[in-house]
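Chain residues, written in single-letter form:
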Amino acid sequence: MKKLLAVLLMAALVLAACGSPAPAPAPAAPATDAPAADAADAAPDAADGIRIALVTDYGTIDDGSFNQGSWEGVVAFAGPRGIGHEYFQPAEVSDAAYIDAIGLAISVGAEIVVTPGFLFGAAVYEAQELWPEVNFVLIDSQPNMDGNTHIADNTVAVLYAEQESGFLAGYAAVMEGHRSLGFIGGIPVPAVVLFGTGFVEGAEFAASELGLAAGEVTINYAYAGTFSPSPEVQTMAASWYAEGVEIIFAAAGGAGFSVMAAADAANALVIGVDIDQAGASDTVITSALKGLQASVYNVLEDWAAGNFPGGQAKVYGAALNGVGLPMATSRFQNFTQAQYDAIFAQLASGSITLSTTLGADAHMGLGVELVEIVAIG
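A. Molecular detail of the overall build of the chain. Scanning the chain from terminus to terminus reveals 10 helices and 15 strands. Within the span of the chain, comprising 377 residues, buried residues form 58% of the whole. The long-range fraction of contacts in the chain, counting pairs at least 24 apart against all pairs at least 6 apart in sequence, stands at 71%. Just so you have it, the chain exposes about 14,200 Å², and 53% of that area is on carbon and sulfur atoms.

And the structure:
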């Protein structure tokens, strides 16, 4: 009955595309891959109805990015345990619509709500007070409103060290042999900025190790202003490729698909983001991963065991195997597993310190000496 009620309510409120489709194949995530589920491990008894909900933010559930990676974590945990789970897509991108979708999920039984993306900061700030009996998992942000940040006891903020994942991508690109690089971010929110600054620092680190001359590595650097596919993004990428850029790191959500289309036409390369995007295009040489599936799985596992880490901001970096490159599916010709393992170990140990300065132009203040940054857009 709860399942039927969920469908009817969603239709009445015109909340789009809510369902439980078979997820895309699980990405080759960092070493935090969710373990195989064992029904005997589940503390909550399997029950009819929706107990775990995910609310999408900017895109669809199959966005090849945050929504998809987080949803795969929900499915990996809840499916084998027989725990009812569902996703909800708000009617529009607004705090009010997010609150409505969260409220709908709770009205049909959700006990824990996963909200992927920085856009949920204000909505979760409000929701955690409106529904103190419900747990919230806010991905890639902390609950905030009007300059105030507060993580209530019923909420956990899951963050990632994007600068480390971006660093690995930049390092690998230069070690692979590329010298003309590009970075196209979506909107310059903190996570995207850190991906970009890390990418620059990784390229600089590799250039230093290889003894390259100053200016031998160049990086075209711009923000698309969107996380959605668009002709404008494809045109920007196509013009870069035509000018000689060999590989573009697209930290731009769905807009990355436009970069892939341009790369395909130019016989060039792309570095994907968030999840392993090797299956999205043959142009994707690797992806700068966040352990989305694994981190969501881990939090749900804590919730199921009665150990929900409320009131905390948990940061997943190399030290927790929360970032990385999917070496098993990467299309490198020169960059080796041994090289990757060595640089990853340095990040995990803390022997490499990266900038966490924010601001859309943070890449200009990195003080790199070997890499030339070409700010475009």
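B. The arrangement of the packing of helix α2 (residues 66–81) against helix α9 (residues 292–304) in detail. In the contact formed by α2 and α9, the axes pass within 7 Å of each other and the chain directions differ by 40 degrees. If you check the angle between α2 and α9, you find them oblique. The element α2 and its partner α9 pack so that their crossing is right-handed. Facing α2, whose interface residues are Phe66, Gly69, Ser70, Glu72, Gly73, Val74, Ala76, Phe77 and Arg81, α9 presents Leu292, Gln293, Val296, Tyr297, Leu300, Glu301, Trp303 and Ala304. Residue classes in the contact of α2 with α9 are distributed as 10 nonpolar, four polar and three charged.

C. How the structure looks around the side chain of Asp57. Counting through the fold element by element, Asp57 comes out in the loop between β1 (47–55) and α2. One buried charged side chain, Asp57, makes no salt bridge at all; its nearest oppositely charged neighbour is Lys290, positioned 10 Å away. Beyond its immediate sequence surroundings of up to four residues, Asp57 is in contact with Asn67, Val93, Tyr98, Pro116, Gly117, Leu119 and Phe120.

D. Seen up close, α2. Between its first and last C-alpha atoms α2 spans 23 Å; for 16 residues at 1.5 Å apiece the expected length is 22 Å, and the two agree. Here α2 lies mainly inside the structure; 13 of its 16 residues are buried.

E. Spotlight on unusual backbone geometry. Positive phi values are uncommon outside glycine, yet Asp146 reaches one of about 55 degrees. By the secondary structure assignment, Asp146 is in the loop between β5 (144–145) and β6 (148–149). Residue Asp146 is classed as exposed on the basis of its relative accessible area of 74%. With a phi close to 55 degrees, Asn321 is a non-glycine residue in the positive phi region.

F. View of the nonpolar core. Core analysis: the largest hydrophobic core is formed by 49 residues, its most contacted members being Leu181, Phe183, Ile219, Phe249, Leu325 and Phe335. Grouped together as the second largest cluster of nonpolar side chains are 28 residues, Leu54, Val114, Val156 and Leu300 included.

G. Geometry of the pattern of salt bridges. Per the counting criterion, the structure on display carries four salt bridges. The residue Lys290 makes a salt bridge to Asp140 at a minimum N-O spacing of 3.0 Å. Of this pair, Lys290 sits in strand β12 (residues 284–290) while Asp140 sits in the loop between β4 (135–139) and β5, and the two are 150 residues apart along the sequence. Like Asp140, Lys290 is buried. Measuring nitrogen to oxygen at the nearest pair gives 3.6 Å for the salt bridge that ties Asp282 to Arg331. Linking Asp282 in the loop between β11 (269–274) and β12 with Arg331 in the loop between β14 (323–324) and α10 (337–349), this pair joins segments that are 49 residues apart in sequence. Since its relative accessible area comes to 66%, Asp282 is described here as exposed. Through salt bridges with shared partners, one network takes in Asp140, Glu162 and Lys290.

H. Main features of the packing of helix α3 (residues 95–107) against helix α4 (residues 121–130). Packing of α3 against α4 brings their axes to within 9 Å, and their N-to-C directions diverge by 40 degrees. Compared by their axis directions, α3 and α4 come out oblique. As α3 runs across α4, the sense of the crossing is right-handed. Touching Asp95, Tyr98, Ile99 and Ile102 of α3 are Ala122, Ala123, Glu126, Ala127 and Leu130, all from α4. Residue composition of the contact of α3 with α4, by class: seven nonpolar, no polar and two charged.

Rules used throughout
Residues numbered from 1 in each chain as written. Predicted model: local features only at pLDDT ≥ 70, side-chain atom pairs only at ≥ 80, totals over all residues. Heavy atoms only, no water. Helix = DSSP H or I, 4+ residues; strand = E, 2+ residues; numbered from the N terminus. Buried < 20%, exposed > 50% of the residue type's maximum accessible area, 1.4 Å probe, protein only. Contact = heavy atoms within 4.5 Å. Areas by Shrake-Rupley, 256 points an atom, 1.4 Å probe, with all protein chains shown as cover. Axes fitted to C-alpha atoms, helices over the stretch in contact; angles between N-to-C directions. Parallel < 35°, antiparallel > 145°, perpendicular 65-115°, else oblique. Left-handed = near helix turned anticlockwise from the far one by under 90°. Nonpolar A, V, L, I, M, F, W, Y, C, P; charged D, E, K, R; others polar. Lys, Arg positive; Asp, Glu negative; His and termini not counted. Salt bridge = Lys/Arg side-chain N within 4 Å of Asp/Glu carboxyl O. Expected span 1.5 Å × (residues − 1). Core = buried A, V, L, I, M, F, W, Y, C linked by side-chain atoms within 4.5 Å.

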